[in-house]
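Residues per chain are reported as follows:
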Amino acid sequence: MGILGDLIYPGNEKRAAELNEKEDNLRKTYALQNDLVNSYRHLGESIKTFDAYLMAIMVMQYHIAYTEEDLENLPDLDLPKLSSSTADTLEELALELLSIKMAIDGIKAIKNKVSNPVKESGIVKKTGPQGEEALSKELGGEVETLSMRTSILKSGNVDLLTTTKNGTELKELSSELDGEATSVSQAIARSSSEGAEMSEEMVETSQVAEQVSAVAKTTTEVAEGASGASIAWAALGPVLLAVSVVMEILSTIQRGQDRDKLIKAEKDMDGIQKQADESIKDLKSVFTNLLNAGETDIDAYNKLLPQLAALEHSPMFDRGPFSTTGIDAYIKGMDQITADSPGGVEGYEVAAEQNIDDATNFIREHAIHDSAMTDVIKQIKTHMRKNGLTTLADDDPFLSLLADADSIDLAQVILYNQFRVLIATTFSTLLPYHEQINQETTVNAPIAVAPKTVPTATPDPSFDPKPADFTVPGIGKGLSAASSQ
């Protein structure tokens, strides 16, 4: 129950009740602010962890198909601080066998719109010899969507929404996101009806980029204009400032300070309430974006798992799909969480956290498995390239030396080598498909032109994929051109 009205108007019951009600509303708003901030922090860290593991897996897939030298030699087309910060996150997760340098090289491949080899190979394996039409339909959009999403969402928005930045860094990040969002918007405007499904996903990504960019700008302004607020979670800058202001006025009231300060508190009440309401509205918007990013991550992982299961024939991937119902419920219930009905925050958070935990517990195992495999395959590829080898038999002495040096069971090293050959073989069958896409897709085309049938190719176990042969046409070229303008 508010007390400011009783302190200022002890003899005016009506005025006292009105002011006490305003104070009650402000207290309830303050409580909701705290609940949402705490929930945002908690779920933000969880989503950031899952997002980083997913990014790590995507990055490792480039090192399984391409040699380290090829990835190093990609042009430094667009490797901004966003990507470096994502690589830092990968290192923080202690995937010992995935070095920071590997992470940056893998991200460079994504930023250069090099298609994802394991994802495509999984599609080939899944569709089989009779699945040419399905492959043609699925591959054209999936490769584009993956390239777009990893370059904007996974390497930018989640990191920006969940990482401490100062004003200068936020300016740089918001400027970069502005450029990405503009490029995507331009591409969408050029898209034809044939790419409707892909365009829908691009629109979603573009909107998130624009909203996060706006948050970065707002937070930068707050940080520059408020003492002590120069460093804060990007999305929390404005709301934390509002919380501190509300706390200050409520503390003034609680201490029952002199009448002049209490009267000033009354005069400030309406403006502070408006500021607090606005900060909650902004936080809800950014919180929804964060939850959407988490849901998108899990959905992307769910699509990847059956492709990996089909490709590797490993029971390890017979898991999922992982549920996002709790996250979705939080998104849909965000508008119903108000100062008068704040009780849903805890329940929504528990359900959303369960979704994220379930998926993270497994993807952590997956990342550890893939990091060991990636490091072994990388060493095999380097050995073969250095010695001019096109094949490496399972009984080659080098595999035994590698097993001893890395303290890995020889049978496991042999299995990794067989997987390397499988990737090379399936990717050799994709080469004519990519060549035909590039031939039929004009420069700056809104979407890649997928062939109606998949050109046939003789599987080649000794095939050595080159990133330049598997660049993503169409939208990738358009974005690169737009980004450079």
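The sections below set out a description of the structure shown in this document. In this text, all values refer to a predicted model and were calculated from it rather than measured experimentally.

## Some words on the overall build of the protein chain
Point 1. Check the secondary structure of the protein chain and you find 16 helices and two strands.
Point 2. By sequence separation, contacts in the protein chain at least 24 residues apart represent 80% of the contacts at least 6 residues apart.
Point 3. When the accessible area of the protein chain is evaluated, it comes to approximately 20,800 Å², of which 52% is carbon and sulfur surface.

## Examining the side chain of lysine 381
Point 1. Tracing the chain through its elements places lysine 381 in helix 13 (residues 344-387).
Point 2. Within the buried core, lysine 381 has no salt-bridge partner, and the shortest N-O distance to an opposite charge, that of aspartate 464, equals 4.5 Å.
Point 3. In contact with lysine 381, other than residues within four places in its own chain, are His63, Ile64, Ala65, Tyr66, Thr67, Arg420 and Asp464.

## Thoughts on the nonpolar core
Point 1. By size, the foremost hydrophobic cluster in this structure holds 85 residues, and its most contacted members are Leu291, Tyr301 and Tyr330.
Point 2. Element by element, the count of residues in this core is highest for helix 2 (residues 13-65), at 19 residues.

## Let's talk about the pattern of salt bridges
Point 1. Tallied over the entire structure, the rule returns seven salt bridges.
Point 2. Residue aspartate 328 is joined to lysine 332 by a salt bridge in which the shortest nitrogen-to-oxygen separation is 2.9 Å. Taken together, the residues aspartate 328 and lysine 332, both in helix 12 (residues 325-333) and four residues apart, mark about one turn of the helix.
Point 3. A residue is classified by how much of its surface remains accessible, and aspartate 328, at 23% relative accessible area, is partly exposed.
Point 4. Between aspartate 375 and lysine 378 there is a salt bridge; the shortest N-O distance is 3.8 Å. Of this pair, aspartate 375 and lysine 378 both sit in helix 13, three residues apart, which is roughly one turn of the helix.
Point 5. With relative accessibility at 13%, the residue aspartate 375 sits in the buried group.
Point 6. Here the salt bridges share partners, and the residues they tie into one network are Asp70, Arg385, Asp464 and Lys466.

## Here we look at the packing of helix 13 against helix 14 (residues 397-406)
Point 1. Contact geometry of helix 13 with helix 14 gives a least axis separation of 11 Å together with a crossing angle of 140°. One element, helix 13, and the other, helix 14, form an angle in the oblique class. For the element pair helix 13 and helix 14, the recorded crossing hand is right-handed. Residues Asp375, Val376, Gln379, Ile380 and His383 of helix 13 form the contact with helix 14, whose own contacting residues are Phe398, Leu399, Leu402 and Asp406.
Point 2. Among the residues making up the contact of helix 13 with helix 14, the classes are represented as five nonpolar, two polar and two charged.

Criteria and thresholds
Residues numbered from 1 in each chain as written. Predicted model: local features only at pLDDT ≥ 70, side-chain atom pairs only at ≥ 80, totals over all residues. Heavy atoms only, no water. Helix = DSSP H or I, 4+ residues; strand = E, 2+ residues; numbered from the N terminus. Contact = heavy atoms within 4.5 Å. Areas by Shrake-Rupley, 256 points an atom, 1.4 Å probe, with all protein chains shown as cover. Buried < 20%, exposed > 50% of the residue type's maximum accessible area, 1.4 Å probe, protein only. Lys, Arg positive; Asp, Glu negative; His and termini not counted. Salt bridge = Lys/Arg side-chain N within 4 Å of Asp/Glu carboxyl O. Core = buried A, V, L, I, M, F, W, Y, C linked by side-chain atoms within 4.5 Å. Axes fitted to C-alpha atoms, helices over the stretch in contact; angles between N-to-C directions. Parallel < 35°, antiparallel > 145°, perpendicular 65-115°, else oblique. Left-handed = near helix turned anticlockwise from the far one by under 90°. Nonpolar A, V, L, I, M, F, W, Y, C, P; charged D, E, K, R; others polar.

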